[in-house]
Amino acid sequence: MTWRALATAAAFLMAGAASAQTIVTRSGEHNSFTRLVMRLPGAADWSLTQSGKSAIVNIDAPDVVFDTSRVFSRIPRTRLQSLAQNGPGQPLRLQLGCECTVTSYVQENGYLVVDIRDGGLPEPQPQYSTAGSILPLTPPSQPTGYRFSFSQSAAADARMALELAAAVAGQAEPVQTLRPQDSNAIPASEPSPAPEEKPSEENLSLPLDGSSFPAEAETAAGSAPEELPETSMLLNMEETERAAVVRESEQRLLQQIGRAANQGLLNIAAGGILGAEDTAGLDPLGRSDRPLNPLDHISVTSAIDRETGLMAALTDGSDKPAHCLPDRKVAIHNWGNESPFADQLGPLRGALVREFDDVNPASVFALARSYLFFGFGAEARSILTILPPEEKASQEVTLLTAMAMLMDGEVLPVNHPFAGQQSCEGHSAFWGALADGAVKKSANTDAIQQAFSKMPKHLRVHLGPRVSKMFAEAGDHHAAEAILRAVERTGVEDVPEINLAEAAIAELEGDSEKVAEELTSEVAERTGNAPAALIDLVALSVNERKALSPDVPDLIASYELENRETELGEKLRQAQVSSLALMGQFHDAFQELKGLSERDGPKARAIAMEPLMLLLAERSDDVTFLQYSLVFSGQATSAEAAPVAVPVARRLLDLGFAEQAEELLNKLSLEAENETRRLMMAEAALVMDKPHRALVELMGLDSSEANRMRAEALWRNGEYGRAGEYLLAEDDANAAARGFWHSEDLGAIDAIEDSEGAEFGAVASVTTQIGETARDPEGLTPLAHARALVESSEGTRGGITDLLNQVGTGLSGSEDSQ
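The rules we used
Residues numbered from 1 in each chain as written. Predicted model: local features only at pLDDT ≥ 70, side-chain atom pairs only at ≥ 80, totals over all residues. Heavy atoms only, no water. Helix = DSSP H or I, 4+ residues; strand = E, 2+ residues; numbered from the N terminus. Buried < 20%, exposed > 50% of the residue type's maximum accessible area, 1.4 Å probe, protein only. Contact = heavy atoms within 4.5 Å. Areas by Shrake-Rupley, 256 points an atom, 1.4 Å probe, with all protein chains shown as cover. Salt bridge = Lys/Arg side-chain N within 4 Å of Asp/Glu carboxyl O. Axes fitted to C-alpha atoms, helices over the stretch in contact; angles between N-to-C directions. Parallel < 35°, antiparallel > 145°, perpendicular 65-115°, else oblique. Left-handed = near helix turned anticlockwise from the far one by under 90°. Nonpolar A, V, L, I, M, F, W, Y, C, P; charged D, E, K, R; others polar. Pairing = 2+ DSSP bridges.

(A) Looking closely at the overall build of the protein. Of regular secondary structure, the protein possesses 33 helices and 13 strands. Burial analysis of the protein (818 residues in total) assigns 42% to the buried set. Looking at the protein alone, contacts between residues at least 24 apart form 58% of all its contacts between residues at least 6 apart. Only carbon and sulfur atoms are counted for the fraction: they give 52% of the accessible area of the protein, which is about 43600 Å².

Shown next, in the form of structure tokens:
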């Protein structure tokens, strides 16, 4: 037992040493909540209690110190007014500035997240960590957080089987003895309960997942112990197997609940239907068995798993996943020194093979690390191939291979060994950013820069521009420039990719002239990055509508020939199509597009089609435009039409091809509603003399252009009065008066001021006079009646002449206004 005591003491010492550390508290402000994040030391327990506008975070570590110096640098003092700790090991006290609810959960990577959310003060409910996530096999008579339909006898049989197995293996330990009246005790063969008995000091109980029961039946005072009948030892194997299956399902259910809680997808209510005694065995926030134990031949992961590092490699000899890789596995600056290359690698190569031509794995790993220290990724991968088969599947080989691929600028698969490492504190954050190809919002930028600064000079020169470009693309101007300054301090003049990094920073600053200058310099230097720079230069020219040098298409063609079978070759072919379109060579561009479609497929065709059709609609002559756009409107897929349909359809409408424009716009029917597209659909319908369809397209639109189109559609339907109302709303009084005149609503015309509807106001006045003049005289003698008719005829003739003159003037003015 001495070694057990020593092991226990060592474990306590290690736990104490691990807990004595500073916890840096980070903060972030969101629309509806304020977030605090702190890393839990080891597997320390924690608790969070809230009382009114104060909350207490307590971590079970005697020497823990909260570093809150940077909390209010990123958040205002609105929801959180202050936070303080009285001394080492004391809880962190939060003083709130609002009636907010404080909630918390633990991420899989060991971070405690505390959210201060708007929404009023909650009922006092403590939140805390719990111990194990395994539920005991208890009979239904004892309430638990979950209910499963297996009988009490099945639970007893399963418990008895596990007890016997533990007894045979010698794993029985003294625990608290239950009395016969306890619900967990195994019933004796007689149904009648025994009288109250006194427990025997010699009794021994075997534990089963935290529950215990006596191995022997307790005897009455002064009597000899009574042996269990043989029949009570018989097990129902069928029921036992069923109970085991249910237990496995129960554990997987708990795992899924815990996994979702750790990812912040659900909140575990401390108070609810179940009481504290009902949830004693439930640990939804436990860290055991992450990620989910796979089913037979099936392993399921998600994007959240990769982001939070749930797919990170396991620690040696442990079933618990370690999110952040230790520095000793990725700290490349420790794998070499300033000695010459031959002096460092010579001894390692000499020690590769031991006696009897046996490969020495330790020397292989050391040599691979040395190659990586000097920036030789392909050589490192090559030397790892001589390892024995049993070593090739190790975690170390996986990490070194991934680092070698990153060293050579290759792209890693989605589930790479550095997934989720960007948020870590150590050197793995740097390699996680390189592996992801982008600096994510959750990245620990300080750790990335610190790891970069410790690298040898030649690696800073090799990797610095790439890292600087990633920071620039992430919008972190300060970090991007800091990385480039570190590269410049090395004193190396010819730095690869430096122009691309400076171009990325210039793009972040909005200096397109500087971007073009840097990309042109990179192309002129004819380095290995020249093809990528050429692609970016063409894309910039398309976006800025700038001219290209006449030799650019030929230069792209030469690089495409060199990289034809690679992913870069596909991008070069797309750039070739765009460059020809920028040069105005549309026939050659469509010919290149045809070859690209045959080689690279429809997805690449859709990418190349967008700049080509935009430039075609903007720059080509009418004949060339119609030659290709009419075919495009009939044959284009939705993916091809979506980004270019509006400008192409606009020019088709201007040229009078409404039917083809409508056909092209109909390909966007599954896209989000767009007012411009609907206005163009209405315009096409009016050109094709379909006013009812135009009115349908205009439903719900209130713009001035929509009202004018709606008035025109109503006019064509003969609804002149309604058309006049819409025209009057757009301050076109003359056209409105014309509509009212056609609808014989002279009263509406009178309501329009003379200065606003002068032309058709006069028309309405003449029309009224003609009506009054042309009235049949009544009550006159025949001779006087005849004389009145002659006078009326002359007056009517003169009024009609004036009316025709007014209608001509009003008509021309109305047409000009429309």
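Following the structure, the description resumes.
(B) Spatial organisation of the pattern of salt bridges. Counted according to the given criterion, the structure contains 26 salt bridges. Residue R545 is joined to E618 by a salt bridge in which the shortest nitrogen-to-oxygen separation is 2.8 Å. With R545 in the loop between helix 17 (530-544) and helix 18 (552-562) and E618 in helix 21 (residues 602-619), this pair connects stretches of sequence that are 73 residues apart. In this structure, a network of salt bridges that share partners links the residues E560, R564, R573 and D600.

(C) Representation of the packing of helix 6 (residues 341-350) against helix 7 (residues 361-373) in the model. One way to put it is that helix 6 packs onto helix 7 with a least axis distance of 9 Å and a crossing angle of 160 degrees. By the angle between their axes, helix 6 is roughly antiparallel relative to helix 7. Viewed along their axes, helix 6 and helix 7 form a crossing whose handedness is left-handed. Contacts between helix 6 and helix 7 involve F341, L345, L348 and R349 on the former and, on the latter, S363, A366, L367, S370 and Y371. Counted by class, the contact of helix 6 with helix 7 contains six nonpolar, two polar and one charged residues.

(D) Local environment of the pairing of strand 7 (residues 80-85). Direction of pairing for strand 7 relative to strand 8 (residues 92-96): antiparallel, over a ladder of five bridges. The residue of strand 8 that forms the bridge with L80 is L96.

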